[in-house]
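Residues per chain, in single letters:
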Amino acid sequence: MDLKTLREVAQIGDPVERARVLSRLMTEEQGLVTEAAKMRRQAIAEAREGGMSLEDIAGQLGVSPGRISQMRKGPAARAPEGPAAAAPKVLVQRALPTEPAVRGSKSLFLAEAERQGLEAGRRMLYVGLEPASDHVAVCLQVEPGTDIIARRKMMTVGDVPVRIATSYFRGDLFGDTRIAEPEFVQPSLQSAITALGYAFGHAEENLTVRPPTPFERETLELEPGEWIVQVLRASYSSEGTAIHVLETICAGSRHIFPIGQVTGYDEF
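Residues numbered from 1 in each chain as written. Predicted model: local features only at pLDDT ≥ 70, side-chain atom pairs only at ≥ 80, totals over all residues. Heavy atoms only, no water.

Undergrad: Is there a simple way to explain the layout of surface pockets in this structure?
TA: Gaps left between atoms are located by rolling a probe of water-molecule size over the structure's atoms. For the largest pocket, the calculated volume is near 910 Å³. If you go around the largest pocket, you meet 35 residues; those closest to its centre are Arg 20, Ser 133, His 135, Thr 213 and Glu 247. At the level of secondary structure, the elements contributing two or more residues to the lining of the largest pocket comprise α2 (15-49), β2 (120-131), α7 (134-140), β4 (160-170), β5 (200-210), α10 (214-219), β6 (228-237) and β7 (242-251). Per-element tally for the lining of the largest pocket: the top contributor is α2, with 10 residues. Taken together, the residues of the lining of the largest pocket break down into 14 nonpolar, 10 polar and 11 charged. (1 Å grid on protein atoms, 1.4 Å probe; cavity = no way out; pocket = protein on both sides within 12 Å on 5 of 7 lines; lining within 4 Å. Points joined across faces, edges and corners; volume = space filled by probe spheres on them. Helix = DSSP H or I, 4+ residues; strand = E, 2+ residues; numbered from the N terminus. Nonpolar A, V, L, I, M, F, W, Y, C, P; charged D, E, K, R; others polar.)

Below, the structure written as structure tokens:
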């Protein structure tokens, strides 16, 4: 990312699209910084193997030997000394992958919360068409910017917002169905998809940690500096057609993510 790119983004008229593009650029920049630091550690190691001392390397880079030592080690890998901030307002679970019985229920979130004994709620924020962002377009097998159906909900525990969950569907497949209607689909989205003749084939689920967009920060009432965890699940029919993409934006300090393992195929 450079100043020219930022100036071009600043000219985007739609503020939501501007925020979306900036969020993507920040995520990409963070990944580049991490990879660059890794490559720098490798370069220093090669210089050391070639016979150069820390003092020699530091002199050529214009830093102190102590700074070179820090570069070689990378991020500190020490045991945590205890929570650095106050306890979270609430803590909920988001299983990876989700159990089929839970996913097939009225609501993934409500079913998980009930198991945890939490007072959970949800409300619809938006149902309608919106341009497909790059990562959602890839999952739905459409071009970026294509109008797709978005069903965006807020999930709460008590009065505390914990997640924004958005289901995305291709407009050419679901535009004239009840999935495009504004109310909650009864008894569930899963049953509505099945009723339209689609049989589940497979799903791909990815987890990403990143800074929140302005919309996410305000909607989830995040503290300054708090990050979000994005869980992106793309589901495909038995014929390989992209059917449903679920993007879950989780307040990072209010979630724990149990990871399931396949019985009989793991080792100690």
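Undergrad: Honestly, the pattern of salt bridges in this entry has me stumped. Any pointers?
TA: Should their charged atoms come close, side chains of opposite charge can pair. By the definition in use, this model includes 5 salt bridges. A salt bridge links Asp 172 to Arg 170; the shortest N-O distance between them is 2.9 Å. Relative accessible area serves as the criterion here: at 58%, Asp 172 is assigned to the exposed category. In this structure, a network of salt bridges that share partners links the residues Arg 94, Glu 205 and Arg 233. (Salt bridge = Lys/Arg side-chain N within 4 Å of Asp/Glu carboxyl O. Buried < 20%, exposed > 50% of the residue type's maximum accessible area, 1.4 Å probe, protein only.)

Undergrad: Sorry if this is basic, but what is going on with the packing of aromatic side chains here?
TA: How two aromatic rings sit relative to each other is set out by the distance from centre to centre and by the angle between their planes. Taken as a whole and assessed by the stated rule, the structure comprises 2 aromatic pairs. Ring centres of Phe 174 and Tyr 198 lie 5.6 Å apart, and the angle between their planes is 45 degrees; this geometry places the pair in the tilted category. You can see Phe 174 sitting in helix α8 (residues 171-174) and its partner Tyr 198 sitting in the loop between α9 (189-195) and β5, a full 24 residues away along the chain. Relative accessible area serves as the criterion here: at 0%, Phe 174 is assigned to the buried category. Its relative accessible area of 24% is what places Tyr 198 among the partly exposed residues. An aromatic cluster is present here, built from Phe 169, Phe 174 and Tyr 198 joined pairwise through their rings. A cation over an aromatic ring shows up here: Arg 122 above the ring of Phe 184, its NZ or CZ 4.0 Å from the ring centre. (Phe/Tyr/Trp six-rings, centres within 6.5 Å; stacked < 30°, edge-to-face > 60°. Lys NZ or Arg CZ within 6 Å of the ring centre and 35° of its normal.)

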